[in-house]
Amino acid sequence: LWVTVQPVLTSKPLSTKRLDRKNAAAPGGVMALEYAESLELLPGAIGTRRLKAALTSQIEADSMVVYTLWGRSIEDEEELGGYSMEPLAEGSLSLHQLWSGGQDIVRSALPLFDNRVEIAELSITIHALHAIRAVMTPTKTVPLPGSPEAAAEARAAAEAALPKATADKQRPKTAEAAL
């Protein structure tokens, strides 16, 4: 058994290590598939653009993280000698809903479905809210050094740093003001 996760950031799914069902099952049918992956979102990178496109899309499916449980069904093991790998169940998580809910998913039991019937749960943690906020927060454009916009911003910042009375005394007189 193994799990793949298809985030909206990557073109290929992320995958856990494979576990042998017979050796990995704990009492109560719980199997631990420990997996962690961090994806860096740099400005202008394809993953950043994909995430922003998914979150600005009006189509909910565009923002879905799909997770799939892979393995061999019991029938396949008996009939085919266990060589047929197939998706056993899958589920999804909406990044739109995660964003609007305002909190990350931490050790949440998410259902896995086969033919629309819940057959298992997958405990999953997704820390994505910080990345979503960073991508969706408008960025301020920075003027080019030496441009009139940069000079105006520098003057405004310098005046804001001085106390009001000092700023009035320090303000240079223009030719019109001297006349």
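Just so we're clear, the structure is a prediction, and the values are computed from it rather than from any experiment.

## Some details on the overall build of the protein
Logical step 1: Scanning the protein from terminus to terminus reveals 8 helices and 6 strands.
Logical step 2: The N-to-C order of helical and strand elements in the protein reads β-β-α-α-β-α-β-α-β-β-α-α-α-α.
Logical step 3: Classification of the 179 residues of the protein by burial places 26% in the buried group.
Logical step 4: Long-range pairs, those at least 24 residues apart, make up 51% of the contacts in the protein between residues at least 6 apart in sequence.

## Considering unusual backbone geometry
Logical step 1: Of note in this structure, Asn115 is not a glycine but carries a positive phi near 50°.
Logical step 2: Positionally, Asn115 belongs in the loop between strand E5 (105-114) and strand E6 (117-126).
Logical step 3: In this structure, Arg116 takes a positive phi of about 65° despite not being glycine.
Logical step 4: Looking at the element boundaries, Arg116 is found in the loop between E5 and E6.

## Some details on the nonpolar core
Logical step 1: Of all hydrophobic cores here, the largest spans 27 residues; its most connected members are Leu51, Tyr67, Leu95, Leu98, Ile126 and Ile132.
Logical step 2: For Ile132, the residues in contact, after removing those within four places along its chain, are Leu51, Leu55, Leu95, Leu98 and Trp99.

## Focus: the packing of aromatic side chains
Logical step 1: Taken as a whole and judged by the stated rule, the model has 1 aromatic pair.
Logical step 2: Ring centres of Trp2 and Trp70 lie 6.0 Å apart, and the angle between their planes is 10°; this geometry places the pair in the stacked category. Residue Trp2 is found in strand E1 (residues 2-6), and its partner Trp70 is found in strand E3 (residues 64-71); the two are separated by 68 residues along the sequence.
Logical step 3: Assessed through its relative accessible area of 8%, Trp2 is described here as buried.

## Digging into the side chain of Thr48
Logical step 1: Among the structural elements, Thr48 can be located in helix H2 (residues 46-56).
Logical step 2: Among the residues examined, Thr48 registers a relative accessible area of 13% and is labelled buried.
Logical step 3: In contact with Thr48, other than residues within four places in its own chain, are Leu41, Leu42 and Val135.

## Examining H2
Along an α-helix, residues three or four apart share an orientation, since each turn contains 3.6 residues.
Logical step 1: Where H2 is concerned, the buried positions are Gly47, Thr48, Leu51, Ala54 and Leu55. Along the axis of H2, the buried positions cluster into a sector of 130°, meaning they face one direction only.
Logical step 2: Buried positions along H2 lie against helix H4 (95-101) and helix H5 (129-136).

## Description of the pairing of E3
Logical step 1: Sheet topology places E1 next to E3; 5 bridges connect them, and they run antiparallel. Bridge pairing links Trp2 to Trp70 in E3.
Logical step 2: Strand direction decides the pairing type here: E3 and strand E4 (residues 86-94), joined by 8 bridges, are antiparallel. Each residue of the ladder has a partner; that of Met64, found in E4, is Ser94.

## So, the side chain of Thr16
Logical step 1: With respect to the helices, strands and loops of the structure, Thr16 is situated in the loop between strand E2 (14-15) and helix H1 (21-24).
Logical step 2: Thr16 sits in the buried class, given a relative accessible area of 10%.
Logical step 3: Separated by 2.9 Å, the side chain of Thr16 and the backbone nitrogen of Val3 make a polar contact.

## Here's the deal with the pairing of E6
Logical step 1: As judged from the 8 bridges shared by E5 and E6, these two strands associate in the antiparallel manner. Counted as the bridge partner of Pro111 is Glu121 from E6.

## What to know about the packing of H2 against H5
Logical step 1: As a packed pair, H2 and H5 sit with axes 10 Å apart at the nearest point and diverge in direction by 85°. Comparing the axis directions of H2 and H5 gives the class roughly perpendicular. On H5, the residues that touch Thr48, Leu51, Lys52, Leu55 and Thr56 of H2 are Ala131, Ile132, Val135 and Met136.

Calculation notes
- Residue numbering note: each chain is counted from 1, following its sequence as written.
- Given that the model is predicted, a residue must reach a pLDDT of at least 70 before its local features are reported, and side-chain atom pairs must reach 80 or more before they are shown or counted; all residues, however, enter totals for whole chains, interfaces and linings.
- By convention in this description, side-chain values take in all heavy atoms of the structure and omit both hydrogens and water.
- Labels follow the DSSP assignment, with helices taken as runs of H or I lasting at least four residues and strands as runs of E lasting at least two, numbered in each case from the N terminus.
- Between buried and exposed lies partly exposed: a residue is buried under 20% and exposed over 50% of the maximum accessible area for its type, with that area taken using a 1.4 Å probe on protein chains only.
- Two residues qualify as a contact provided that any one of their heavy atoms is within 4.5 Å of a heavy atom in the partner residue.
- As used in this record, nonpolar core signifies buried Ala, Val, Leu, Ile, Met, Phe, Trp, Tyr and Cys residues forming a set joined through side-chain atoms within 4.5 Å.
- Note on aromatic pairs: the rings of Phe, Tyr and Trp (six-membered ring only in Trp) are paired at centre separations within 6.5 Å, and the planes decide the class, stacked below 30 degrees, edge-to-face beyond 60, tilted for the rest.
- This arc is taken over the directions from the axis of the helix to the C-beta atoms.
- Pairs of strands are assigned from DSSP output, requiring at least two bridges between the strands.
- Think of a polar contact as two N or O atoms within 3.5 Å of one another; within protein, one of them needs to be a possible hydrogen donor and the other a possible acceptor, and neighboring residues in sequence only count if both atoms come from side chains.
- Interaxial angle, 0 to 180 degrees, is taken between N-to-C directions of lines fitted to C-alpha atoms, where a helix line uses only the stretch in contact.
- Any angle that falls under 35 degrees is termed roughly parallel, while one over 145 is termed roughly antiparallel, one within 65 to 115 roughly perpendicular, and all others oblique.

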